Each structure stands twice: as C-alpha cells, then as structure tokens.
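Here are the chains, one letter per residue:
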Amino acid sequence: MPHKYANMRERINANAIRVSCGCLIWISKTTPGGYPQMCVRVKGKVKTKLAHRISLADHLGIKPYRLNYVHHICNNPACVDPLHLVSITQRKNLLERRNNHGAF
Ligand SMILES: [Zn+2]
C-alpha cells in the first residue's frame, strides 16, 4: 500500500465526499451493512478496519481499539465525519435506539 497521504485525516477526506445533509460520506469500500471500510497496516499486516472508528479515534487522538461502540448520531452508517460520531457502550446504544428510533 503506497503512502500517498500526509496523514489519516487527509486519507479519509480523499475517500469521502461532503453531501448536502452535512455528512461526510465514505465512497470507498463498505461492509454489506453500509459501514465504511479501509485497509490499515497493523504490526506489518494489512487489515480491514471500520473507517468511521478510525476517523473518530484520529480526531480524538487515541488508538481505535480504545473506543467503545461507535455510534452515528446522524444515523448515516457511511458517514465518517468525527463530529457525527460518538463512542458509547453497547448497552447505552441499545437503550438510545429503543428510545428514539433513530431521530437526529
Ligand atoms: Zn454524518
């Protein structure tokens, strides 16, 4: 994998487009569920990771594994805008989903 981007933020922005609703939509590979995927090198091995988790971790200045479940407050699975993402526990997410059926 060539290193053609200066940093992770630049790489994410190069693979996403800003749409009218304000979301930064991933236009590269996604999961069948529509979640953004990207290949990253971890300890010399190329692994496929969820790009929205990497985007939020990069924004917060932490490693992706330190994040709990990452929730899209915009309810757009393909969005990688870190300002539209929150890291919460799985349990809290389930409660939130039950309570507000996905309204922004
Ligand atoms: Zn969004």
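Preceding this paragraph is the structure being described.
Residues numbered from 1 in each chain as written. Predicted model: local features only at pLDDT ≥ 70, side-chain atom pairs only at ≥ 80, totals over all residues.

J.: How would you summarise the pairing of strand β4 (residues 45-50) if you had to cite specific residues and measurements?
T.: The pairing of strand β3 (residues 37-42) with β4 spans six bridges and is antiparallel. Bridge pairing in β4 links Cys-39 to Thr-48. In this structure, the hairpin formed by β3 and β4 is closed by a connection of two residues, where Lys-43 is found at a positive phi of approximately 50°. (Pairing = 2+ DSSP bridges. Helix = DSSP H or I, 4+ residues; strand = E, 2+ residues; numbered from the N terminus.)

J.: Tell me what's going on with helix α2 (residues 51-60), and back it up with residues and numbers.
T.: With seven of ten residues buried, α2 lies mostly within the body of the structure. Every buried residue of α2 is listed here: Ala-51, His-52, Arg-53, Ile-54, Ser-55, Leu-56 and Ala-57. For α2, the secondary structure elements touched by its buried residues are α1 (8-14), β2 (24-26), β3, β4, β5 (69-72) and β6 (85-88). Looking one or two residues past α2, Gly-61 carries a phi angle of roughly 75°, positive in sign. (Buried ≥ 20, exposed ≤ 12 C-beta atoms within 10 Å, placed from the backbone. Contact = placed C-beta atoms within 7 Å.)

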